[in-house]
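A look at the structure
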Amino acid sequence: MTVRSDNAPTRFTVRHDGVTIPVSRAGRGRPLVLCPGLNCTQADLSEFIGLLRRDHDVVTFDLRGHGLSSAAERYSFDAFLGDLAAVLAEVRLPSAPLLVGYSLGADLAVHHAAACPDAVAGLVLIDGANPLPEPFLTDADLAEFRAMARDEAERQENSGRQVSLSAEDILALGLETDVVRAGILDQYAKIEQPVHMIMSRTIAGGSGTGRAPRHNRLWRAGVERLVRARPDIAASWVEADHRLVFTHAPDIAGIIRDGHRPDGGPAS
């Protein structure tokens, strides 16, 4: 691995399960590993990553089939979880990192921390890993979600952003994520490290019609369910939809900075 400076990230490659995963590391302070979500790349998160690097030694990567990672034969929750584990096993950090996950990346972070409790110092979960009391996607939602997945796949292809997942891959992962979240309280029970949720108030947007009201109520109900089961878990709410990590990057970076100081001191 080459010598890293604050202005020039170290870049290296992790090979796992037939997939090539690009990893970048830069910044100064407490170690932090950022796990992106579905249809989200390091390039997409560049503003957020730059803000985190002011206070942390930040490791970022692309999940299989995303960004500069190679395509894969399978796209499943367990496959993505293996990508995260492979990166954490390969990177050399001076101490256990703060693990930050966005969307699907938050669910991956919880499952990794539950399986490897000594591997992380704490979790920050951004708009994901929500123990929903009922499925997010019902039969009534499937047609709309399938159309959204198809539009997203076409948008990725046309933009040249190198996301290899098809519309069917995206739909299947959405349905699988509902199953994962139905049992995620059991994973939280295995985690003793500090956990901070940063959640959107209107994950499905601010419309008062269609699927938005139910999804927004369900999102809040899931967090309330988690905090009842684990009162030690902190939750911060951002006036935004699911794109909060892009639209409110400075706010979210500030919550992480103030709640997880590099020196381990208390939040202000």
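See the structure shown above.
Structural notes, computed from the coordinates. Quick caveat: nothing in here was measured; it's all calculated off a predicted structure.

1. Quick word on the environment of Ala-72
You can see Ala-72 is positioned in the loop between β4 (56-61) and α2 (77-90). The spatial distance from the C-alpha of Ala-72 to the C-alpha of Val-19 is 6.3 Å, given a sequence separation of 53 residues. Not counting residues within four places of it along the chain, the set of residues in contact with Ala-72 comprises Val-19 and Arg-64.

2. A short note on the packing of aromatic side chains
When we look at a pair of aromatic rings, we describe it by the centre distance and by the angle of the planes. The full count for this structure, using the stated rule, is 3 aromatic pairs. Ring geometry for Tyr-75 versus Phe-80: centroids 6.3 Å apart, planes at 35°, classification tilted. The same class applies to Tyr-75 as to Phe-80, namely buried. Ring plane angle 65° and centroid distance 5.8 Å describe the contact between Phe-136 and Trp-219, whose orientation is recorded as edge-to-face. Of the two residues, Phe-136 sits in the loop between β6 (122-126) and α4 (139-159) while Trp-219 sits in helix α7 (residues 212-229), which places them 83 residues apart along the sequence. In this pair, the class of Phe-136 matches that of Trp-219, namely buried. One residue, Arg-220, lies across the ring of Trp-237, its end atom 4.4 Å from the ring centre.

3. Digging into unusual backbone geometry
Even without being a glycine, Asp-17 presents a positive backbone phi close to 55°. Residue position: Asp-17 is located in the loop between β1 (10-16) and β2 (19-27). Residue Asp-17 is classed as partly exposed on the basis of its relative accessible area of 41%. One non-glycine residue, Asp-127, lies in the positive phi region at around 50°. If you trace the backbone, Asp-127 turns up in the loop between β6 and α4.

Definitions and limits used
Residues numbered from 1 in each chain as written. Predicted model: local features only at pLDDT ≥ 70, side-chain atom pairs only at ≥ 80, totals over all residues. Heavy atoms only, no water. Helix = DSSP H or I, 4+ residues; strand = E, 2+ residues; numbered from the N terminus. Contact = heavy atoms within 4.5 Å. Phe/Tyr/Trp six-rings, centres within 6.5 Å; stacked < 30°, edge-to-face > 60°. Buried < 20%, exposed > 50% of the residue type's maximum accessible area, 1.4 Å probe, protein only. Lys NZ or Arg CZ within 6 Å of the ring centre and 35° of its normal.

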